[in-house]
Amino acid sequence: GPGEFVAGHKAWLEEGLADGVFLLWGSLRPDGGGAILAHGLDRAALEQRVAQDPFVTGGVVRAEIVEIAPARAAERLEFLLA
């Protein structure tokens, strides 16, 4: 079941954080699943990274990338506009 992929998924998340690509992640409520806020990769590079998630390779989840083109941000988040 999904449990066998949890440790690898968590390590994959932490690697994304250490690389400066993943900024935030957490559970989607109330229906489950999860979301990751990623930054600084083009779509092809992000798709490649997502394809390496053990939850994806193990068939536990189907990933969907939703791209945001930010137009304005609070001052502390202005780095997202770059």
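These numbers were taken from a predicted model, which means no experiment stands behind them. (Residues numbered from 1 in each chain as written. Predicted model: local features only at pLDDT ≥ 70, side-chain atom pairs only at ≥ 80, totals over all residues. Heavy atoms only, no water.)

## Some remarks on the pattern of salt bridges
In step 1: Applying the stated criterion to the full structure yields three salt bridges.
In step 2: For Arg49, the salt bridge goes to Asp19, with nearest N and O atoms at 2.9 Å. Here Arg49, found in helix 2 (residues 43-51), pairs with Asp19, found in the loop between helix 1 (6-18) and strand 1 (22-27); they are 30 residues apart in sequence, far enough to count as distant.
In step 3: With a relative accessible area of 15%, Arg49 lands in the buried category.
In step 4: Residue class for Asp19 comes out partly exposed when judged on its relative accessible area of 45%.
In step 5: Residue Glu67 is joined to Arg43 by a salt bridge in which the shortest nitrogen-to-oxygen separation is 3.1 Å. Taken together, the residues Glu67 in the segment after helix 3 (54-57) and Arg43 in helix 2 connect sequence positions 24 residues apart.
In step 6: One network of salt bridges, with partners in common, ties together Arg43, Glu47 and Glu67. (Salt bridge = Lys/Arg side-chain N within 4 Å of Asp/Glu carboxyl O. Helix = DSSP H or I, 4+ residues; strand = E, 2+ residues; numbered from the N terminus. Buried < 20%, exposed > 50% of the residue type's maximum accessible area, 1.4 Å probe, protein only.)

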